[in-house]
Structures are given as structure tokens and as C-alpha cells.
Amino acid sequence: MVAANPSVIYMDNNATTRVAPEVVEAMMPFLTESYGNPSSMHTFGGLVGQSIKDARAKVAALLGAEPEEITFTSCGTESDSTAILSALRTYPEKRHIVTTRVEHPAVKNLCENLETVTGHKYRVTRLKVDAEGMLDMAEYESALTEDTAIVSVMWANNETGVIFPVAEMASMAKERGILFHTDAVQTVGKIAIDLKSLDIDFLSLSGHKLHAPKGVGVLYIKRGTLFVPFMMGGHQEHGRRGGTDNVASIVGLGRACELAAEKMIEENSRVKQLRDRLEEKLLAIIPKSMLNGHKTKRLPNTANISFEFVEGEAILLHMNQHGICASSGSACTSGSLEPSHVLRAMGVPFTAAHGSIRFSLSVYNTVEEIDVVIAKMPAIIESLRKLSPFWKG
Amino acid sequence: MWEYTDKVQEHFLTPQNVGEIDRPSGTGDVGSLACGDALKLTLKIDKNDIITDAKFKTFGCASAIASSSVLTEMVKGMAVDEAAKITNEDIAQALGGLPKEKMHCSVMGREALEAAIADYRGLKLPKAEGEVVCECFGVTDLEIIRAVKESSLRSIEEITNFTKAGGGCGKCEDKLRKILQDTVSGKSEIFIPQVFPPKKMTSLQKIKKIEEVLEREIRPGLKKDGGDIELIDVDGDFVIVALRGTCKSCSKSQTTIKEYVEKKLREFVLPSLIVEEDN
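Residues numbered from 1 in each chain as written. Chains lettered and ligands numbered in written order. Predicted model: local features only at pLDDT ≥ 70, side-chain atom pairs only at ≥ 80, totals over all residues.

To continue, consider the overall build of chain B. When its secondary structure is counted, chain B shows 11 helices and eight strands. By principal-axis analysis of the C-alpha atoms, chain B measures approximately 60 × 45 × 40 Å. For chain B, the proportion of its 279 residues judged to be buried stands at 43%. In chain B, of all internal contacts separated by at least 6 residues, the share reaching a separation of at least 24 is 57%. (Helix = DSSP H or I, 4+ residues; strand = E, 2+ residues; numbered from the N terminus. Buried ≥ 20, exposed ≤ 12 C-beta atoms within 10 Å, placed from the backbone. Contact = placed C-beta atoms within 7 Å.)

Following this line, the structure appears as C-alpha cells:
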């Protein structure tokens, strides 16, 4: 596979992904001659409507769902808000939400707002994680109460790739009549999902994490689940989400889901092997480096490694000099001054939390790229450690 | 992605005067690992009060490293009195400017310089005075007032960018607003610190103190038995530690934590502390 930009080694796929060339190709007619409104009465628009129907079926196929359970949205965040707010409106007498301490801001900040902006009308339980980023199922069980309206737990963590046992958790919620939502933005396309055999009521996904463009997402709503829309407006999406369909992106997402299904095995074999190679070599060559997150219960593409006594932004900028793209849980890479809430929740010491780098691969990565990163990283870390007053190496 | 000037890039990628001066005339040690940036500045000063050499070691982001590097270049050859007048704005200017969220990096440079000069002159640091306003980063009212005046700050966001105050839990926002109002309106000259609740330990002071007590009171005992202890995190009154070496597998580890570590920390640091083992 030819890289999109040969000077760039892109290992930041949990942030966003390259739009697959096949996806661009599928989208092009809808950005040019097929500009009709899918809601129109004429054939010109009606044909566009047919393409959306096809895309819906392709998304449903990847998730093991029915097409009517798929609602297109603008992004993962919209899907998350829609699911959680719908549950609260469906059961207005219930005032409790169960989530985790390591959610993406899309869920984390919504829950914080539900507590504070409503004057603590809602109560939120945030489940702890252990040093490997895993949940305590006993704590989860005891958190479920008669007052709980919804559980919202991410399927896999965006920073560490750690996978939560959502199938089991959803069943436990269902037994108690509690709705279950999962933010599966990082999971779809990376591990196989079969929603018809699971008790998950809502699932969010985002197009740009699986080689579709930015600005399109999906909320899966299990058949029979009571639902109150978030975006009011026209009758689009069976009245579940108002607003003219983002046709080209929806068609692109359909194609991306088809490709993801085809590449699922490669993702879990070749990509995983590349990730393992990168991780094992870096941990072996660079002293005082450590893996963040569970070794095996993890997405096949993600490696989050801490390099102690150096700061993440400084590492990233040196990597940038070599065209290597990754992310950091360091405070200095974001507007905030505290390091990643995920690593802090896991109890990663400050010495390591500030120096964490997340490598997230995709099917477009090659072994040559991995070897460039393995070759460049030790010198980068060493040069920064030479500057560090804490490094006694 | 931050927009860094060429000058920042240059000083970050090829920092000048890295290291520590042997037997320095003055040392300035500011920041900490917990804060995410730290700077150790060492100065060599001759008998005419001229700074003949300056070296730095910095843990932090690109702006922190660049600020430290350019600072050493600025002060070399300067009289101590002149160097004492350098402000964080001067440091930022020498770099062709810093993104506003990164101005605290230049403040760290000025603080280290101040500390090193105070150390050389055998003076007490002005930083230790004042009431702590931001407990997350241990920032005092005097530091905030100074930043507001020196850099003409006009919003809480700017205060955070320059001093870090308010960048953690955000609980001090109301206090910051009051300081800002009072300082801008000129009331800060008669600033009355009593408006703040009684002195509490900042998270940083707490962490530092806990580390000291672990080192002095607890580690020696554990090491005798081939064990060790590591501080993992401090969250409010919760102190998370990990036992190492033989302690790790010891069946009595829970007793060690509660009866020995917790008792000592309560005695020497704060009576409200709760020690837990990291697992």
C-alpha cells in the first residue's frame, strides 16, 4: 500500500484516520452530479435516497444490527449526547448515571454538566480502574440501583486501547431494567461486533476513526428501545434526527464499514504484529519505559508507552522532526495543565504520566515505518533525558 | 499543534548551555515533576558581580526548554543587578513570543533566575511569602498580583496561562477574579490577605512533605529488610503508595502500610491522611 503522504509516518489513528481512497471514490458522485436531496419526491433525489439506504445496510452489517437500528448523526459526540439525554428523558424519575473515570470528554463532560448545571439533580457514579486500566465488576454491580437511568461505558479506551467487558456489563444492566450505552468509537472496525446477540441498547461510532471522513457518525438504537430525539427538525432518519442528510459522508461511511469488515482479519493479525513489534522493541531498548494499560485486553492497534522523566510534548516535537505523528497524554499537549485523566485514574505516577506517548496504527502502516520509529525513538528520549534535572542515568 | 516561532524551535531543537555548573555561585530550582515542568538553573558569578556562566536542566515542553536555553544566553556576561531586572516578558520576547497558553514557561525561567540570584546573595525567596490561592499548583496571591501587573493581565484565563493558577481543579476561580479586580483597580496595594481561609497545605507542599517523610522516617526501616516504598499519587487526603522489594510479597504488607506508613505520615505531615496500597 502506498502511503498517502510519503514524508509522514502516521501513527495517530485513534485521533483520526486517513480517508480510504475507495471511500473517496464512493463519495465523489455525491459531491458532484448527484446533489439531490434524498427526501425529495423526484427520481433525481430518490436515487440519492437509495444510496443512503445502501449505506445504512452496510453499517448495520458491520455491527451485526438491522438497518432500521442505525441513525446517522454528525459525529461520535452527538451520538453520545443523544443516547444519554434520551435515556434521561425516557425515565424522568430516574436520576442516576453510571459511567467510568476514563471516558472520552464526549461522555465525561456531559456527565459533569448533568451534575453541576442541573444543580446536582443527577447523580453520577464513576467506576474506578486499576493500574492496568481494568474495571472492578463487583464495584459495577453494586453501582447499579433502581434509580439508575443509564450506564454509559466506553467499549475501548482511546488513550490506552484497553477493552472493557461491555457484553457482560450490558447484560447485568438489562437484568435490572437499566439502559446501556457504549461509546464504541475506537472499537468499530478493530474488533468484531455482533449487536443482535448483545444487550447493548445504544452504541456510538464515528466515521473518521475508520477511514471515512470527519463529520459523520452513527447512533445504534436497539429495536424496541424508547427514544427521544436530540436534534429536532424534519422527518429525516425516521424522525430520530432532524437535519438534511450529510449524503456524501454517509455514503463514504457505508463504504468504509464494508472495507473494515474485509480488513478485520488483517487488523487483528498484521497490524497487531506491527504494534507488538513496535512496543516490544521500544520497551526493550529504552530504559525506564513502561506500557500503560492491560497487555492483552487491548485493541490490536494501540500502544501507550511512558518514558519516565521526560515530557510528552517535547517528545512529540522531536518525533515531528522525523515526520512521525503520534499523541501524548501530557498536559502540555492540551489546553489543560493536568496530565491525562485516564493515566491519572490508573495511578500512573507523575514521572511517567507526563511522558506518555500513544502510538495508534492502521492497516496503512508498514513494517518499514515501524522500524524507522524503533530506530529514531531511543535517541530522542536520550537527548531529552540529558536535559532533565530528574534523570540520574 | 502549537504555533512556535523559529527562535523557539531553534532553542528547543539545539538547546544552549545544557548542564550543571560545578560549584555554582547560585542555584535556582523551581517547578516539580508533578507540575509537568521543572528548571534547575546554575550560575557562575565573578567577584565583580558579573554572571560569567549559566547552565540549565529542564524537564518540560518545548517552550519550557526554549525559555531556559534563551535565558542562559541572555544572562551570560550580565551584571547580577541587571539580570535581576529580567522579566518573563523579556524572556518571551527573546524567543519572538510564546503562545499565550505557554507563558507560564517564561515565568518559570524568571522564577529560577530570581531564585538563583537570591541564593547567590544568601537571601530568602520572595516566592515563599503570600497566601496560596491555587492549591493545585501552589501559586500565591503575590505571584498572581505580580503577573497581573507585569504582563497587564485582564482575564482569569490569562492568569492561568501565565501562572498556572486555576489550571487544575478551577476551585480558586472566584479568588482569582477578586485578585484581578482588586489589582486592576489599584486596590491591591492595600491588599488584605485575611479574606482567604486559614493557610492550608497545597498539593505540591503535601507531596513534597510526604516524600521527605518517606525518605527520612520510613525508607530506612524498610530497606533494612530488603524492601522499599514508592509514592504513586496523592489525591486529596488519599496517599497511594507501592511497596517494593521484599515488602511487595510480604503477607504483612497491609499492616506495614496502615500501622507504620500511615502512622508516620499522619504524625509528620497531616493527621487526616489515608494511606492506600496501589494494586
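This paragraph deals with the overall build of chain A. If you tally the helices and strands in chain A, you get 11 helices and 13 strands. Its C-alpha atoms give chain A a radius of gyration of 22 Å, within 12% of the compact-globule value 21 Å for 393 residues. A principal-axis box enclosing the C-alpha atoms of chain A has dimensions of 70 × 50 × 35 Å. Burial analysis of chain A (393 residues in total) assigns 52% to the buried set. Sequence separation of at least 24 residues holds for 72% of the intrachain contacts in chain A that already meet a minimum separation of 6. (Rg over C-alpha atoms; globule rule 2.2 N^0.38 Å.)

Here we take up the domain arrangement of chain A. Residues and elements named next belong to chain A. Once the domains are mapped, chain A shows domain 1 (9-18 + 263-387) and domain 2 (21-259). On a C-alpha basis, the centres of domain 1 and domain 2 stand 27 Å from each other. Tallying the contact residues gives 24 residues for domain 1 and 24 residues for domain 2. Residue assignment for the side of domain 1 that touches domain 2 shows that the elements contributing at least two residues are helix 7 (247-285), strand 10 (302-307) and helix 9 (341-345). Among the elements that take part in the side of domain 1 that touches domain 2, helix 7 stands out by supplying three residues, more than any other. Considered class by class, the residues forming the side of domain 1 that touches domain 2 number six nonpolar, 12 polar and six charged. (Domains from an automatic or database assignment. Nonpolar A, V, L, I, M, F, W, Y, C, P; charged D, E, K, R; others polar.)

In this section: the sheet that holds strand 9 (residues 289-291) of chain A. All names here are of chain A. The antiparallel open sheet is built from four strands, whose spatial order is 9-10-13-12. One side of each edge strand has no neighbouring strand; the edge strands of this open sheet are strand 9 and strand 12 (327-328). Taken together, the three bridges between strand 9 and strand 10 define a ladder with antiparallel strand orientation. Considered in strand 10, the bridge of Met-290 is made with Ser-306. (Pairing = 2+ DSSP bridges.)

Moving on, we come to the domain arrangement of chain B. By the assigned domains, chain B splits into domain 1 (6-125), domain 2 (129-195) and domain 3 (203-277). On a C-alpha basis, the centroid separation for the pair domain 1 of chain B and domain 3 of chain B is 34 Å.

On to helix 2 (residues 43-63) of chain A, then. Taking 1.5 Å as the rise per residue, helix 2 of chain A with 21 residues should run 30 Å; its terminal C-alpha atoms sit 30 Å apart, in good agreement. Every buried residue of helix 2 of chain A is listed here: A:Val48, A:Ser51, A:Ile52, A:Ala55, A:Arg56, A:Lys58, A:Val59, A:Ala60, A:Leu62 and A:Leu63. (Expected span 1.5 Å × (residues − 1).)

A separate point is the interface of chain B and chain A. Chain B puts 26 residues into the contact, and the matching count from chain A is 27 residues. Listing elements by their share of the side of chain B that touches chain A, those giving two or more residues are helix 1 (6-13), strand 2 (37-45), strand 3 (51-59), helix 2 (62-75) and strand 6 (227-235) of chain B. For the side of chain B that touches chain A, the per-class residue count stands at 13 nonpolar, six polar and seven charged.

Turning our attention to the environment of A:His120. Residue and element names in this part refer to chain A. Inspection of the secondary structure assignment puts His-120 in the loop between helix 4 (105-116) and strand 4 (123-127). The exposure class of His-120 is exposed, given the 11 C-beta atoms found within 10 Å. It is 9.4 Å that separates the C-alpha atoms of His-120 and Arg-95, two residues lying 25 residues apart in sequence.

Here we come to the environment of A:Lys288. All names here are of chain A. Following the sequence through the fold, Lys-288 ends up in the loop between helix 7 and strand 9. Sequence spacing of Lys-288 and Pro-105 is 183 residues, and the spatial spacing of their C-alpha atoms is 30 Å. The contacts of Lys-288, once residues within four sequence positions are left out, are Glu-308 and Phe-309.

By size, the foremost hydrophobic cluster in this structure holds 111 residues, and its most contacted members are A:Ile315, B:Ala62, B:Val133, B:Ile144, B:Ile159 and B:Ala165. Per-element tally for this core: the top contributor is helix 5 (residues 103-121) of chain B, with nine residues. In contact with B:Ala62, other than residues within four places in its own chain, are A:Glu313, A:Ala314, A:Leu317, B:Tyr4, B:Val8 and B:Phe12. (Core = buried A, V, L, I, M, F, W, Y, C linked by C-beta atoms within 7 Å.)

Every regular strand shows the same layout, with side chains that alternate between the two sheet faces. Residues and elements named next belong to chain B. Where burial is concerned, most of strand 2 is hidden: eight out of the nine residues are buried. As paired strands, strand 1 (residues 26-32) and strand 2 are joined by seven bridges and run antiparallel to one another. Looking at the pairing, Gly-28 lines up with Leu-41 of strand 2. Inspection of the sheet shows strand 2 paired to strand 3 by eight bridges, in the antiparallel sense. Counterpart to Lys-40 in the pairing with strand 3 is Lys-57. The turn linking strand 2 back onto strand 3 is made up of five residues, and Asp-49 within it adopts a positive phi angle of 65 degrees.

A word on the sheet that holds strand 6 of chain B. In any sheet, the strands associate via hydrogen bonds between backbone groups, in a parallel or an antiparallel arrangement. All names here are of chain B. The sheet built from three strands is open, its strands ordered 6-7-8 with mixed pairing. One side of each edge strand has no neighbouring strand; the edge strands of this open sheet are strand 6 and strand 8 (274-277). On average, adjacent strands in this sheet sit at an angle of 30 degrees to one another, irrespective of strand direction. Relative to the sheet, helix 9 (residues 203-224) contacts strand 6 and strand 7 (238-245), its axis offset from that of strand 6 by approximately 165 degrees. Its contacts with the sheet put helix 11 (residues 253-268) on strand 6, strand 7 and strand 8, and the angle it makes with strand 8 is roughly 150 degrees. (Axes fitted to C-alpha atoms, helices over the stretch in contact; angles between N-to-C directions.)

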